[in-house]
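Take a look at the letters that make up each chain.
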Amino acid sequence: MATAEQLDDLYVGIQSGDLEVRLASNSEEIDASQALRYRVFYDEMGAVPSKEMLGFKRDFDDFDMTCDHLLVIDNSRTGIYDSVVGTYRLSRRENAARAGGFYTAQEYDISAILARHGELLELGRSCVAEGYRNGHTMTLLWRGIAAYVFNYDVAWMFGCASLKGVNLEKLALPLSYLHHHHMAPAEIRPRAVEELHVSMDLIPEAEIEKRLARAVLPPLIKGYLRVGCFVGDGAVIDRQFQTTDVCVIIKTDRVSEKYRQHYENSRQSI
């Protein structure tokens, strides 16, 4: 996790009304983010919890204690468990070294990403509470990510993003659209590990209706596309979460330009 001094400085001023964004600073706040993840992923979306997860009503894994956890907090609510309404899990090279690798490497060969110079940031476990799933909350999350990117001089971001469901026939349009129009250049392209690899080239490019394809993409992936993301080669079916995953990669200068003014304004108040 980030040090107390970094936490004090990094997110000053990044708020809107009752909502603020900052990193979790203790184990209770991480636990609150895991509780939110459980409610969204398992109670709402139908993911299949392990026996231990079911008992604790928490979504957790071995990566959690080595990562930073970005939180959106509603200060009009009482108690940290009710107040955490959005979260993102963030992992840099330093975090991954302590965890034995990046989470994404369980599904994708990311050697081309790891070979890039500069800091890397893995994004994962993103979710927002019901009633807060709007552009306002997502903008705060992205401002929080941008502040993190500036602070650690991150060059590239990547991670797994999910489409709901495991029926490839129903997902053929969005997967094919991503494959034909947003494939990462070969020199940075992650590829689904062979035993999990599912082709995304399901519809010929000429037959794809771009507007319809973008309309059926999940909001998170649409957000990634707006800041210039690429996708890797192949999708992965996640039976536990009942999703189909794609690997996204983003050059952070696109995010930096979009959110630099927000960040600089907040730093002026420190």
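Residues numbered from 1 in each chain as written. Predicted model: local features only at pLDDT ≥ 70, side-chain atom pairs only at ≥ 80, totals over all residues. Heavy atoms only, no water.

S.K.: Is there a simple way to explain helix α10 (residues 219–226) in this structure?
M.R.: For α10, every residue scored as buried is listed here: I221, G223, Y224 and L225. Residue G228 follows α10 closely and has a positive phi angle near 85°. (Buried < 20%, exposed > 50% of the residue type's maximum accessible area, 1.4 Å probe, protein only. Helix = DSSP H or I, 4+ residues; strand = E, 2+ residues; numbered from the N terminus.)

S.K.: How do you make sense of the nonpolar core when you look at a structure like this?
M.R.: Looking at soluble globular proteins, one finds that nonpolar side chains tend to be buried together. Counting residues in each nonpolar core, the largest one holds 63 residues, and the members touching the most others are L121, I145, M157, L178, Y224 and V246. The element contributing the most residues to this core is helix α7 (residues 135–152), with eight residues. In this structure, Y108, A155, W156 and C160 belong to the second largest nonpolar core, which totals 16 residues. (Core = buried A, V, L, I, M, F, W, Y, C linked by side-chain atoms within 4.5 Å.)

S.K.: Teacher, can you tell me more about the pattern of salt bridges here?
M.R.: Two side chains carrying opposite charge are able to pair once their charged atoms lie near each other. Scanning the entire structure with this criterion turns up 14 salt bridges. For the salt bridge of R125 with D61, the shortest nitrogen-to-oxygen distance reads 3.5 Å. You can see R125 sitting in strand β6 (residues 119–128) and its partner D61 sitting in the loop between α3 (51–56) and β3 (68–74), a full 64 residues away along the chain. A single burial state applies to R125 and to D61, both of which are buried. In this structure, R191 and D233 form a salt bridge, with 2.5 Å as the shortest nitrogen-oxygen distance. (Salt bridge = Lys/Arg side-chain N within 4 Å of Asp/Glu carboxyl O.)

S.K.: How do you make sense of the pairing of strand β4 (residues 84–92) when you look at a structure like this?
M.R.: It is a general feature of regular strands that their side chains alternate between the two faces of the sheet. Where burial is concerned, most of β4 is hidden: nine out of the nine residues are buried. Pairing analysis gives six bridges linking β3 to β4, with the strands arranged antiparallel. Within the sheet, the bridge partner assigned to L71 lies in β4 and is T87. With six bridges joining them, β4 and β6 adopt antiparallel strand pairing. (Pairing = 2+ DSSP bridges.)

S.K.: How do you make sense of the layout of surface pockets when you look at a structure like this?
M.R.: Left-over empty space is what a probe sized like a water molecule reveals as it rolls over the atoms. In this structure, the largest pocket spans a volume of roughly 1,200 Å³. Only α2 (27–44), β4, β6, α7, β7 (154–164), α10, β11 (243–251) and α11 (252–267) provide two or more residues apiece to the lining of the largest pocket. Of all the elements, β6 adds the most residues to the lining of the largest pocket, at six residues. For the lining of the largest pocket, the per-class residue count stands at 21 nonpolar, eight polar and 10 charged. (1 Å grid on protein atoms, 1.4 Å probe; cavity = no way out; pocket = protein on both sides within 12 Å on 5 of 7 lines; lining within 4 Å. Points joined across faces, edges and corners; volume = space filled by probe spheres on them. Nonpolar A, V, L, I, M, F, W, Y, C, P; charged D, E, K, R; others polar.)

S.K.: Before we go on, may I ask you to explain the side chain of T243 in this structure?
M.R.: Within the secondary structure layout, T243 lies in strand β11. In this structure, T243 is in contact with S162, L163, K164, G165, V166, V236, I237 and D238, ignoring residues within four places of it in sequence. (Contact = heavy atoms within 4.5 Å.)

S.K.: I'm lost on empty space enclosed by the protein in this one. Help?
M.R.: Using the criterion set out here, one finds one cavity of 30 Å³ or more in the structure. In terms of lining residues, the largest cavity is bounded by F63, C67, R89, S91, Y103, T104, E122, L123, G124, G159 and C160. Of all the secondary-structure elements, those providing two or more residues to the lining of the largest cavity are β4, β6 and β7. Per-element accounting of the lining of the largest cavity gives the leading share, three residues, to β6. Of the residues contributing to the lining of the largest cavity, the split by class is five nonpolar, four polar and two charged.

S.K.: Help me understand the state of the cysteines in this model?
M.R.: Where two cysteines share a covalent bond between their sulfur atoms, that bond is called a disulfide. One pass over the full model with this rule turns up zero disulfides. The thiol of C247 is unpaired, and the distance to the nearest cysteine sulfur, on C160, comes to 5.4 Å. (Disulfide = S-S within 2.5 Å.)

S.K.: Quick question: what am I supposed to make of the packing of aromatic side chains here?
M.R.: What describes a pair of aromatic rings is the distance from one ring centre to the other and the angle between the planes of the rings. Tallied over the entire structure, the rule returns eight aromatic pairs. Ring plane angle 50° and centroid distance 5.7 Å describe the contact between Y42 and F241, whose orientation is recorded as tilted. Of this pair, Y42 sits in helix α2 while F241 sits in the loop between β10 (236–238) and β11, and the two are 199 residues apart along the sequence. The buried category is assigned to Y42, whose relative accessible area is 6%. Classification of F241 by relative accessible area gives buried; the value is 11%. (Phe/Tyr/Trp six-rings, centres within 6.5 Å; stacked < 30°, edge-to-face > 60°.)

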